[in-house]
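Report on the structure
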Amino acid sequence: VQLQASGGGSVQAGGSLRLSCAASGRTFSSYYNYMGWFRQAPGKDREFVAAIRGRGDNTYYQDSVEGRFTISRDNAKNTVYLQMYDLRPEDTAVYYCATGSGVERPTAPRDFSYWGQGTQVTVSS
């Protein structure tokens, strides 16, 4: 399984970015599969951002991003997106996409089996 993340960049506070993560080697379109985003700021642990199942309407968000970030998927492209609005300096981090299966509420790094390379998001005040 390979995951290719893209879409990071530098924006000012209040700006928007959309991250993409294309998966290969695994079919995502199953309820039991899910894809998600984590982020890691310098000196901090990797933290959960959002996740979505391969089928259905189940999405999961970290409290601090709910209402500002939207995770979505395109099963035909085996791709998941993270649309980020109203970005804040505290959102600055390297963002990682990941995929896994078998967990009812996937929000911990251990719930994900495969990881992509990170993409840097920098938000300036």
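Here is what the cut-offs are and how they apply
Residues numbered from 1 in each chain as written. Predicted model: local features only at pLDDT ≥ 70, side-chain atom pairs only at ≥ 80, totals over all residues. Heavy atoms only, no water. Helix = DSSP H or I, 4+ residues; strand = E, 2+ residues; numbered from the N terminus. Buried < 20%, exposed > 50% of the residue type's maximum accessible area, 1.4 Å probe, protein only. Contact = heavy atoms within 4.5 Å. Disulfide = S-S within 2.5 Å.

It is worth spelling out the environment of Arg46 at this point. Relative to the helices and strands, Arg46 resides in the loop between β4 (33-40) and β5 (47-53). Take Arg46: its relative accessible area is 30%, and that puts it in the partly exposed class. Considered as a pair, Arg46 and Tyr95 are 49 residues apart in the sequence and their alpha carbons are 9.1 Å apart. Those residues in contact with Arg46 that lie beyond four places of it in its chain are Phe38, Arg39, Gln40, Tyr96, Pro109 and Trp115.

Overall, the coordinates contain 1 disulfide when judged by the stated rule. Here Cys21 engages in a disulfide with Cys97; their sulfurs sit 2.1 Å apart. Because the torsion about its S-S bond is 60°, the bridge between Cys21 and Cys97 counts as right-handed. Separated by 76 residues along the polypeptide, Cys21 in strand β3 (residues 17-24) and Cys97 in strand β9 (residues 93-101) bring together distant segments of the chain.

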